[in-house]
Amino acid sequence: KNHKVGILDLDIYGPSLPMVIGSYDQPKITAEQKLIPIEKFGMKLMSFGFINSDNAPAIWRGPMVAKLTSQFFDDVLWGELDYLILDLPPGTGDIQLTLVQRLALTGAVIVTTPQDLALLDVKKGADMFKKVNTPVLGVVENMSHYLCPHCNETSEIFKGGGGKSESDRLDVPLLAQIYLTPELAKSADSGEPYVFQYENSPITDMFASMVNTLTDMVEK
């Protein structure tokens, strides 16, 4: 399906989208002081990292963060989109609160790693979305295990079943369990999406299955 997709990286303190897509271009500004999103890989993209080109640390208090979060919706020319995907930092801070106050979100996808320590923040975030009437669509478990590229043996680096236990607690699907590989880490650092480099990988199949499940849920 050729959906029109935008991605908004809302991690003000640690924006990663520029590195992930391999672009540090600054967005153009119209005469009306509106930002034009960066376009790459057939998507419209925006991140504080595009604006903060010198990578200076963001040392901002809550009201300033809330204002910038709002500006990413009010002052960016997103155009007509089928999906705007919001990449949020962990927890329940000013960014999340501003978001749920400003927008009626279709749903949230919770990302966790297997260990219990990671679930502490994840549970708070999931419960916050439920309290503000934003449905949790599913859970993704990242770094579920390590797959050795030499012998194909799997190793559970992080003990625990965080993804499964959280999806059971929330009564939502476990959308994917993405395992660690050197290729996945390298693709994120190089700005070349993994799914384009390794089209026949089990991880690419997981991403495709996850997207199909989510779009089916949203369209229904």
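Summarised in this report is the structure supplied together with it. Since the structure is predicted, the reported quantities are computational estimates derived from the model, not experimental observations.

**A look at the state of the cysteines**
Piece 1. Under the counting rule described, the total for this entry stands at zero disulfides.
Piece 2. Cys148 supplies the cysteine sulfur nearest to Cys151, a cysteine that is in no disulfide, at a spacing of 3.6 Å.

**Re the nonpolar core**
Piece 1. Formed by 32 residues in total, the largest nonpolar core has its most connected members in Leu8, Leu10, Met46, Phe50, Phe72, Ile110 and Phe129.
Piece 2. Here the element with the most residues in this core is helix H5 (residues 116-131); it accounts for five residues.
Piece 3. Sequence-distant contacts of Leu10, that is, excluding residues within four places in its chain, are made with Thr69, Phe72, Phe73, Asp87, Leu88, Pro89, Ile95 and Leu99.
Piece 4. Leu137, Leu175, Tyr194 and Ile203 belong to the second-largest nonpolar core, a separate cluster that totals 11 residues.

**Some details on helix H6 (residues 162-170)**
Piece 1. Within H6, burial applies to Gly162, Gly163, Glu166, Ser167 and Leu170. All buried residues of H6 lie within an arc of 120° about the axis, which places them on one face of the element.
Piece 2. Buried residues along H6 sit in contact with strand S5 (108-112), H5, strand S6 (136-147) and strand S8 (174-180).

**With respect to the side chain of Thr113**
Piece 1. In this structure, Thr113 sits in the loop between S5 and H5.
Piece 2. Thr113 gets classed as buried once you look at its relative accessible area, which sits at 16%.
Piece 3. Polar side-chain contacts of Thr113 include one of 2.9 Å to the side chain of Gln115.
Piece 4. Those residues in contact with Thr113 that lie beyond four places of it in its chain are Ala118, Glu141, Asn142, Met143 and Gly162.

About the thresholds
- Starting from 1, residues in each chain are numbered consecutively following that chain's sequence as written.
- Confidence filtering applies because this is a predicted model: local features only for residues at pLDDT of at least 70, side-chain atom pairs given and counted only at 80 or more, and all residues used for totals across whole chains, interfaces and linings.
- Water and hydrogen atoms were dropped before computing side-chain values, which therefore reflect all heavy atoms in the structure.
- To count as a disulfide, a pair of cysteine sulfur atoms needs to be within 2.5 Å.
- To qualify as a nonpolar core, a set must consist of buried Ala, Val, Leu, Ile, Met, Phe, Trp, Tyr and Cys residues joined through side-chain atoms within 4.5 Å.
- The classification of residues rests on relative accessible area computed with a 1.4 Å probe and restricted to protein chains. Under 20% of the type maximum is buried, over 50% is exposed, and intermediate values are partly exposed.
- Helix and strand labels come from DSSP, where a helix needs a run of H or I of at least four residues and a strand needs a run of E of at least two; each type is numbered from the N terminus.
- Throughout, a contact is declared for two residues whenever any of their heavy atoms are within 4.5 Å.
- In this description, the arc belongs to the directions extending from the helix axis to the C-beta atoms.
- In the analysis that follows, any N or O atom pair within 3.5 Å is treated as a polar contact, provided that within protein one partner can donate a hydrogen and the other can accept it, and provided that, for residues neighboring in sequence, both atoms belong to side chains.

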